[in-house]
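Take a look at the letters that make up each chain.
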Amino acid sequence: MTRTHGAEMFPPSGPARPHRVTALLRERGGAGARVTFFELFFDLVFVFAITQLSHLLLHHLTPRGAGETLLLLLAVWWAWMYTCWTTNWFDPDHPAIRLMLVGVMVAGLFMAAMVPGAFGDKGMWFAVAYVAVQVGRTTFVVACTWGHELGRTFQRVLFWQVVSAVLWIGGALVHDHDARAGLWLLAIALEYLAPWHGYRTPLLGRSSTAEWTIDGGHMAERCQLFLIIALGETVLVTGAALGGHTPSAAVAAGFVSAFVGTVALWWIYFDHTAEAAAERIAASADPGRLGRSAYTFIHIVMVAGIVVGAVADEMVMVHPGGHLADGFIAVAVGGPALFIAGHALFKRAVFGGFTRARMVALLGLAVLAAAATSAHGLTPLAVHACAAAVVVALALWDVRAHRLHRREAAALPGPLQTAEGR
C-alpha cells in the first residue's frame, strides 16, 4: 500500500476519482500528516468536557455516580474519537471541513455543558447534542464521499449511529432513572461493538481494518494530545484547590503528592513509550487495526484513570487528614490503577506481552487498597502519598529498564530494535 500523499492513500475503485472528494483529503508527506492548529483549537471543547466529568464524579462519589460518569465519559470520548478518525482522512484546513468541525464544536460544547444534569432535567439536551455531533458529522462525510470508495465505510458507520441515536433520544424521553441509564448503556454498547464487527450493515456488508487506511502517526499524536488534555485538567484542579484554601503543611503535602503523581503519569506514557508506539503504528501494514485497538479503545482506560485520579487530587487537598472514606480510597487507588492497567494493555497491543513492572505496580495498589480499608489511623494524605509513590516507582523503573535496554542493544550488532514489551 502506497503511503505518500493523500490522493495516493485511497486508490480509485473505478476509472475516475470524484474530484470533489480528493480536494477534501489531507496531504500526507513522507513524515505523515501533522496535527493542525485548528485540531488543537477543536480540542479545547473537550478540556471543558473532562473538567465537567471530573466534577460530576466528585459530587456523586457513589457506585451509581461512578457508573453514570463512566457512561458519559464513554460518550464524550466517542464523540472526540470519531472526529479524530474523520480528520485523519480529511483536511481540517479545508473550508468545508473546517465549517463542519465548527458545527461539531458548537454541539460538543453544548453537550459538555449538559453533563452535570444528563441524568436529570437536562437529559434530552445532552442526548440531542451528542446525536447532533455523531450523526451530523457522519452525514456530512457520507454526502461528501457518495460514490467514492470511502463512502461505504461511512455509510455503515452512519447506520449504527442512527440506531444508537434512537436509543439516546428514547432514554432521554423516559423519566425513570434506571430506564434512562439502561437505554443509554445499550446505545453506547452498540456503538462500541460496531467497529469490532466491521460495522456489519444490512445490504452494505462489513468493513475490514485493512480498508481503514489511516495515517498512524497522526492517530498516535491526536491520542497523545488528548492525554495531555486530561493531565492538564488534573493540573488545573490541583492549582485551583491550592488557591482555594489557606496553605498549611498538610495541604502543601497534598499538593506535592498530587502534582508529583501527575508528573509520574506523564513520564510513564510520554518518556519513550509514546514515541516508540507512534513509530510502530506509522510503519504498520495494518494501521487501522492498531488504531482501533491500541488507540481508539485502550486509551480511554488511561483517560478514565486520569479523571478518577483528579478527583482524589482535589479531595486530598480539601481534607488531607481525618476520616478515611471508602470513596476516597476508591479514587485515590483506582485512578492510578486504571491508568497503569490501560498502559499495560496499550503496550501489549502495540509491542506484545505484558510488563512485569506494571503487574507488580497493580499488585502494590491492590495491597494498599486492602490495607487502607482495614487499617485504622491512616489519613487520606497517607493513602494518596502511597499511591503516588507506586506510580513514581513505576516511572523510575521504566527509566532504568529503558536505559538498560539501550545499553544492551548498543552492545549487539545490527540495528537497534525497540522492545517496549519488557
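What counts, and where the lines are drawn
Residues numbered from 1 in each chain as written. Predicted model: local features only at pLDDT ≥ 70, side-chain atom pairs only at ≥ 80, totals over all residues. Heavy atoms only, no water. Helix = DSSP H or I, 4+ residues; strand = E, 2+ residues; numbered from the N terminus. Expected span 1.5 Å × (residues − 1). Buried < 20%, exposed > 50% of the residue type's maximum accessible area, 1.4 Å probe, protein only. Core = buried A, V, L, I, M, F, W, Y, C linked by side-chain atoms within 4.5 Å. Contact = heavy atoms within 4.5 Å. Phe/Tyr/Trp six-rings, centres within 6.5 Å; stacked < 30°, edge-to-face > 60°. Salt bridge = Lys/Arg side-chain N within 4 Å of Asp/Glu carboxyl O. Polar contact = N/O pair within 3.5 Å; in protein donor to acceptor, adjacent residues only side chain to side chain.

Things to note about helix H10 (residues 249-270)
The terminal C-alpha atoms of H10, which comprises 22 residues, lie 31 Å apart, in line with the 32 Å expected from a rise of 1.5 Å per residue. The complete set of buried residues in H10 reads Val251, Gly254, Ser257, Ala258, Gly261, Thr262, Ala264, Leu265, Ile268, Tyr269 and Phe270.

Details of the nonpolar core
Soluble globular proteins tend to pack their nonpolar side chains together in the buried interior. Counting residues in each nonpolar core, the largest one holds 125 residues, and the members touching the most others are Trp77, Phe126, Trp168, Trp184, Tyr295 and Val303. A per-element tally of this core places helix H4 (residues 63-89) first, with 15 residues. For Trp168, the residues in contact, after removing those within four places along its chain, are Leu71, Ala75, Phe126, Ala127, Tyr130, Val131, Trp184, Ala187, Ile188 and Glu191.

So, the packing of aromatic side chains
Enumeration according to the criterion identifies 27 aromatic pairs in this entry. On the basis of an interplanar angle of 75° and a centroid distance of 5.4 Å, the ring pair of Trp89 and Phe154 is categorised as edge-to-face. Taken together, the positions of Trp89 in helix H4 and Phe154 in helix H7 (residues 151-173) put the pair 65 residues apart, joining distant regions of the chain. The class for Phe154 is buried, based on a relative accessible area of 7%. Ring centres of Trp168 and Trp184 lie 5.2 Å apart, and the angle between their planes is 45°; on these two criteria the pair is classed as tilted. Taken together, the residues Trp168 in helix H7 and Trp184 in helix H8 (residues 177-193) connect sequence positions 16 residues apart. For Trp168, a relative accessible area of 0% puts it in the buried group.

Some words on the pattern of salt bridges
Enumeration over the complete set of coordinates arrives at six salt bridges. Linking Glu39 and Arg222 is a salt bridge whose minimum nitrogen-to-oxygen distance equals 3.3 Å. Of this pair, Glu39 sits in helix H3 (residues 37-59) while Arg222 is found in helix H9 (residues 216-243), placing the two residues 183 residues apart along the sequence. Each member of the pair, Glu39 as well as Arg222, carries the same accessibility label: buried.

So, the side chain of Thr86
Take Thr86: it is sitting in helix H4. There is a polar contact of 2.8 Å between the side chain of Thr86 and the backbone oxygen of Tyr82. Not counting residues within four places of it along the chain, the set of residues in contact with Thr86 comprises Met100, Arg137 and Val141.

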